[in-house]
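# Summary of the model geometry
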Amino acid sequence: MKRTLPMILTFLVGMIVILSEFIPHFPFSKINSTLESWYLIISGFAMLLGLISLVRVNSSKVASKEENWQYYLAGLISLFTMVIFGLLWGMQETAGLLGHGESIQNWLGKKPFDYLFDNAYLHLSATMFSLLAFFIASAAYRAFIIRSFESNLLMISAIIVILGRTSFGTMLTSWLPQRLYFLQMSYMTDFIMKYPNTAAQRAIMISAALGIFGSSLRIIIGIERSYLGSDK
Amino acid sequence: MKYMILFIVLFACIFPLQASSAFQAIDNAWDDGTALILKWELPGDSLRIAISQIDESGIATLIHESLDLSSEFKVTELEPNKDYRFSLTTYALSSGDSLIYQTMGKPTQQWFYMHKLALLLLFLLIAIAVLYNIYVARRGKELFIRRINGLDSMEEAIGRATEKGKPILFVPGIGDLDDIQTIASLTILSHLAHRAAEYNSEVIVPCRFSMVLSAAREVVKEAYLRAGKPDSYRENNIFYMTDDQFGYVAGIDGIMLREQPAANFFLGTFYAESLILAETGFSTGAIQTSGTANAHQLPFFVVSCDYTLIGEELFAASAYLSRDPQQLGSLKGHDFGKALFIVLIIIGVVLEMFGIGFLRQFLSIG
């Protein structure tokens, strides 16, 4: 029963969703949005599970003084600070249990939750994102090392695209006569991006779509069951 | 009464209100009853057309302006089976008067999206091919499936983690449970956790969403049960981290640097964080396997990971790893789909070269 009921539900819901893709009439027209609402309600309850997991995992590491336990403590303090500030004084236009906290707002310029969000969280998030620039450089260096014919092609294409996207690259080939326009850096860049690059991406997208199709069909008809925890 | 009739006649002369075929509201065919098509065909001396929607209290709201004497306009976001009133105002040069036309229409729901006919046919063809191959596989026919290096490497990765006594890190992507890539990722996690349990290796699964957390816990727990080692299952190794994209990345980077996992698996939906994760993992020297259907992130994974599952390989993983004939049969159905698309692309290109747009129009869904 533990396996059968979810499988029956999966089959029914899967078939209904497929039908609703082709039938515009009520009730099929409302099914997708209704199911999405149900999903949101369930995930709202599941959020509590996540919070419990977060507190339990981190507090057990702090309690047993595991290596680097200070980081886990910092995580817990951050979590509770935001929760408490949000509950007491709310955020943006929403009031908290103690109202809008006008006196604190006069002192900080914002509500405590918004203050921490704007001055701590956003900057930390931006810092992580900005790491990408450095990682792209190191990854590109490895990718462009010429080891084979393919990596040679990759490097040549990359140089053309990188130069073609800059004014310097355009300037390099701007002296070419109009009849040799196809040798201009900007033209070659657009050509690479528009044709070989798009063709390869579409091929991947088509194959992925077929993969999604097959995977969904296996799940709907109950052949694929490992997402339920067991394939037996 | 005399004055009343005189007033109506005079009003009709000044504002000739016409509910004629010059302005019509027609139900948009084969849709969900949320659109009407307004069509007009006006005399040649009309200038600048303004179309308004009139609500129940008679207030008109301008919805479209045009200079075309004969054209149509699609009104969307309407409610099905409800009467709607529209007016068209124009200025006739010959009479020197404004002309007002009024019409009514009711959008109705249909039982089939005709513009999705091609999609339905393709869906049925591929579904039949998949089901037929599953049937053939059930009858015991040997099916050839090409090797997928990224999946064959799973044993190598688990073996290495066991030798080094280090954990395995499995990242199920940043998608929620309603994302098919996350489901595919969890099916791979099931196989991985089973093998890891057999080798007594530890699997760490940080999750971005609570729904993924509960599903991942169930999957890993069942895998340990299947391996006959329920006592080795540690619930705290599968944990929720944060909903925030870069907070999640920072947390995983921290795990990679502190715990130094011997093998990293990044399978599922990934966006900007893909390279940050893969490069950090690369710097720790872990053997890395990645897989996603997000085409834009694949180059980053290819560069930084030892093995990459590209597009459909992620979805084929469960069938490939389980070696279940029925599931392998469904993979053959994919191949039919690919062949069908190749044929359609070639025919389409040839037809377009000869200026025949039939196939393109038929296959256009929008």
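Everything numeric here is computed off the predicted structure, so don't read it as measured data.

A word on the domain arrangement of chain A. Residue and element names in this part refer to chain A. Its domain assignment divides chain A into domain 1 (1-66), domain 2 (68-132) and domain 3 (144-232). Relative to domain 3, the C-alpha centre of domain 1 lies at a distance of 34 Å. With eight residues of domain 1 in contact, the opposing surface of domain 3 contributes nine residues. Across the interface of domain 1 and domain 3, roughly 690 Å² is buried in total on both sides, 74% from carbon and sulfur atoms. Among the residues of domain 1 in contact with domain 3, Arg3, Met7 and Thr10 are the three that bury the most area, contributing 67% of the side total. Counting every contact that joins domain 1 to domain 3 gives zero salt bridges. Our count for the domain 1 to domain 3 interface comes out at zero residue pairs in polar contact (both at pLDDT 80 or more). Its residues assigned to classes, the side of domain 1 that touches domain 3 shows five nonpolar, two polar and one charged.

Pairs can form between side chains of opposite charge once their charged atoms are near each other. A full pass over the atoms with the stated rule returns 16 salt bridges over all chains. Residues Arg142 of chain A and Glu279 of chain B are paired through a salt bridge, measuring 2.3 Å at the closest nitrogen-oxygen approach. Linking Arg142 of chain A in helix H5 (residues 112-143) with Glu279 of chain B in helix H7 (residues 273-284), this pair reaches from one chain into another. The same class applies to Arg142 of chain A and to Glu279 of chain B, which are both buried. In this structure, Arg195 of chain B and Glu198 of chain B form a salt bridge, with 2.7 Å as the shortest nitrogen-oxygen distance. Of this pair, Arg195 of chain B and Glu198 of chain B are both found in helix H4 (residues 180-198), three residues apart, which corresponds to roughly one turn of the helix. Its relative accessible area of 26% is what places Arg195 of chain B among the partly exposed residues.

Summarising the element assignment, Gln109 of chain B is placed in the loop between strand S8 (97-105) and helix H2 (117-138). Along the sequence, Gln109 of chain B and Asp31 of chain B sit 78 residues apart, while their C-alpha atoms lie 6.1 Å from each other. Those residues in contact with Gln109 of chain B, other than ones at most four positions away along the chain, are Pro24, His25, Phe26 and Ser29 of chain A together with Asp31, Asp32, Gly33, Pro80 and Asn81 of chain B. Polar contacts involving the side chain of Gln109 of chain B include one to the side chain of Ser29 of chain A, which spans 3.5 Å.

Taken together, the contact between chain B and chain A spans 79 residues of the former and 63 residues of the latter. A buried area of about 5900 Å², summed over both sides, lies between chain B and chain A, and 68% of it is on carbon and sulfur atoms. On the surface where chain B and chain A come into contact, there are three salt bridges. Counting the contacts that link chain B with chain A gives 19 residue pairs in polar contact (both at pLDDT 80 or more). A total of ten residues in the side of chain B that touches chain A trace back to one element, the largest contributor, which is helix H5 (residues 210-226) of chain B. Across the side of chain B that touches chain A, the residue classes tally to 41 nonpolar, 19 polar and 19 charged.

What counts, and at which threshold
- Residues numbered from 1 in each chain as written.
- Chains lettered and ligands numbered in written order.
- Predicted model: local features only at pLDDT ≥ 70, side-chain atom pairs only at ≥ 80, totals over all residues.
- Heavy atoms only, no water.
- Domains from an automatic or database assignment.
- Contact = heavy atoms within 4.5 Å.
- Buried area = accessible area lost by both parts, 1.4 Å probe.
- Salt bridge = Lys/Arg side-chain N within 4 Å of Asp/Glu carboxyl O.
- Polar contact = N/O pair within 3.5 Å; in protein donor to acceptor, adjacent residues only side chain to side chain.
- Nonpolar A, V, L, I, M, F, W, Y, C, P; charged D, E, K, R; others polar.
- Helix = DSSP H or I, 4+ residues; strand = E, 2+ residues; numbered from the N terminus.
- Buried < 20%, exposed > 50% of the residue type's maximum accessible area, 1.4 Å probe, protein only.

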